[in-house]
Amino acid sequence: MQAIQAFLADDMRSVDAVIRARLHSEVVLVSQVSEYIINSGGKRLRPALVLLSAGALGYRGTHQYELAAVVEFIHTATLLHDDVVDESTLRRGRETANALFGNAASVLVGDFLYSRAFQMMVTVNNMRIMEVLSDATNIIAEGEVLQLMNCNDADIHEEDYLRVIRYKTAKLFEAAARLGAIIGGAERAAEDALAAYGMHLGTAFQLIDDVLDYSGNHEEIGKNIGDDLAEGKPTLPLLYLMKHGTPEQASMVRHAIEEGGRAEFQTILAAIGSSGALDYTRRQATREAEIACAAISGLPDSQYKSSLLKLADFAVNRDY
C-alpha cells in the first residue's frame, strides 16, 4: 500500500485540494463534521481506484480528481449513516462523528455530502458518469437495508451475505473503477473489465474486514473487536461455524446472532479460530482477488496496472 500511495502522491494531493474546496459550507457544523470524518485517516482506496483505472487507460486530464473526490464523499456519507445505524463509537481509532457530534448532525451532514457529490458530478458533464454514480448510490442504499434486514437473522445463507457485500461495499469499488475507464475513453469491454475488477476487489476487501473483526488488533484496525457479533451481523466466519462446528457451537452462535451483544464473544472467538472459519473466509477473499486480477489481464502493462494488481494483494494480506 505504501508503494501505491507513493506512486499516487501527487495525484492524491490534487484530490485532497478538491475535497478541501468542496467541503466548504457557510454552515459551521457542516464544515466541522465533514472535515472531522474526511481527515480522520482511511486508506482512500476508492479515490485511488479512480486514479489508477483512468491512468491504466492513458487518461492524463483533470476530471479524475473531481470524480475521486465524489467517490470519497459518497463513501464518507455512508460511513456517517452506518455509524448511526450501528450505534458505533469508534472508527479508525477515533471517536465516530455520531459519538462526538450526535446522531442528528451525522445523518444530516451525511445528506450534505451526498448532495454535494451530486453537484460535483454535474461539473464533469457526462451523462454516463452520472448514470453510474446515481445507480451505485441507489444500490448501496439497498445494501444498507438488506444488511439491516439480515441483522439478528441466523438463517441467512452465504449467498445472502455475499449479496449484501456486493451491494453495500463492492458496488462503490466497482463504480470507482468504471469511472476511471469512462473518462479514459475505454471501449465497453475494457470498462466492464475494470468494473469487474472493482467489484471483486471490494468483495475481497470486505471479506478480510470480516476476518479482522475476529482476529485483528484493536489499535491496528481502529475499531472495537467483535463489533459485528455485538450488532448481530451474521458474517461469513459465523455462518461457517454454524454449518461446520459442533451442534453446541452452532446453537451458541445462533443465540449470539439473534440476541446480539458480547456475552459469548470469547467462547465464540475461540471456536471460530479452531474451526477453520477464518481460513475459509480468507480463501474466499483470495479467490475474489484472483478473479479481480484476471479481469484486467488484457490491459496494457503499465505502472498503473501494476498498482491495481498490488492493490488486490494488499486487500487480502493486510492486517488493518
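Residues numbered from 1 in each chain as written. Predicted model: local features only at pLDDT ≥ 70, side-chain atom pairs only at ≥ 80, totals over all residues. Heavy atoms only, no water.

Labelled according to an unreviewed UniProt entry, the protein chain appears under the name Octaprenyl diphosphate synthase, originating from Sulfuriferula multivorans. The UniProt entry for the protein chain carries this comment under Sequence similarities (unreviewed entry): "Belongs to the FPP/GGPP synthase family." Checking UniProt for the protein chain, the heading Function (unreviewed entry) contains the comment "Supplies octaprenyl diphosphate, the precursor for the side chain of the isoprenoid quinones ubiquinone and menaquinone." (UniProt positions renumbered as here; feature names shortened; annotations may be inferred.)

Draft legend 1. Spotlight on helix 14 (residues 247-259). In this model, helix 14 (13 residues) spans 18 Å end to end at C-alpha, consistent with the 18 Å of a helix rising 1.5 Å per residue. Regarding helix 14, the residues found buried are Gln 249, Ala 250, Met 252, Val 253, Ala 256 and Ile 257. Angular distribution of buried residues about the axis of helix 14 spans 165 degrees; they occupy a single face of the element. The exposed residues of helix 14 that point more than 90 degrees off its buried face are Pro 247, Glu 248 and Glu 259. Looking at the residues trailing helix 14, positive phi occurs at Gly 260, about 70 degrees. (Helix = DSSP H or I, 4+ residues; strand = E, 2+ residues; numbered from the N terminus. Expected span 1.5 Å × (residues − 1). Buried < 20%, exposed > 50% of the residue type's maximum accessible area, 1.4 Å probe, protein only. Arc of directions from axis to C-beta.)

Draft legend 2. Broad picture of the pattern of salt bridges. Applying the stated rule across the entire model yields 21 salt bridges. Asp 16 is the partner of Arg 44 in a salt bridge, and the nearest nitrogen-oxygen pair spans 2.5 Å. On the criterion of sequence distance, the pair formed by Arg 44 in the loop between helix 3 (28-38) and helix 4 (45-56) and Asp 16 in helix 2 (residues 9-22) is long-range, its members being 28 residues apart. Owing to a relative accessible area of 23%, Asp 16 belongs among the partly exposed residues under this scheme. Its salt-bridge partner being Arg 44, residue Glu 72 comes within 3.2 Å of it at the nearest N-O pair. (Salt bridge = Lys/Arg side-chain N within 4 Å of Asp/Glu carboxyl O.)

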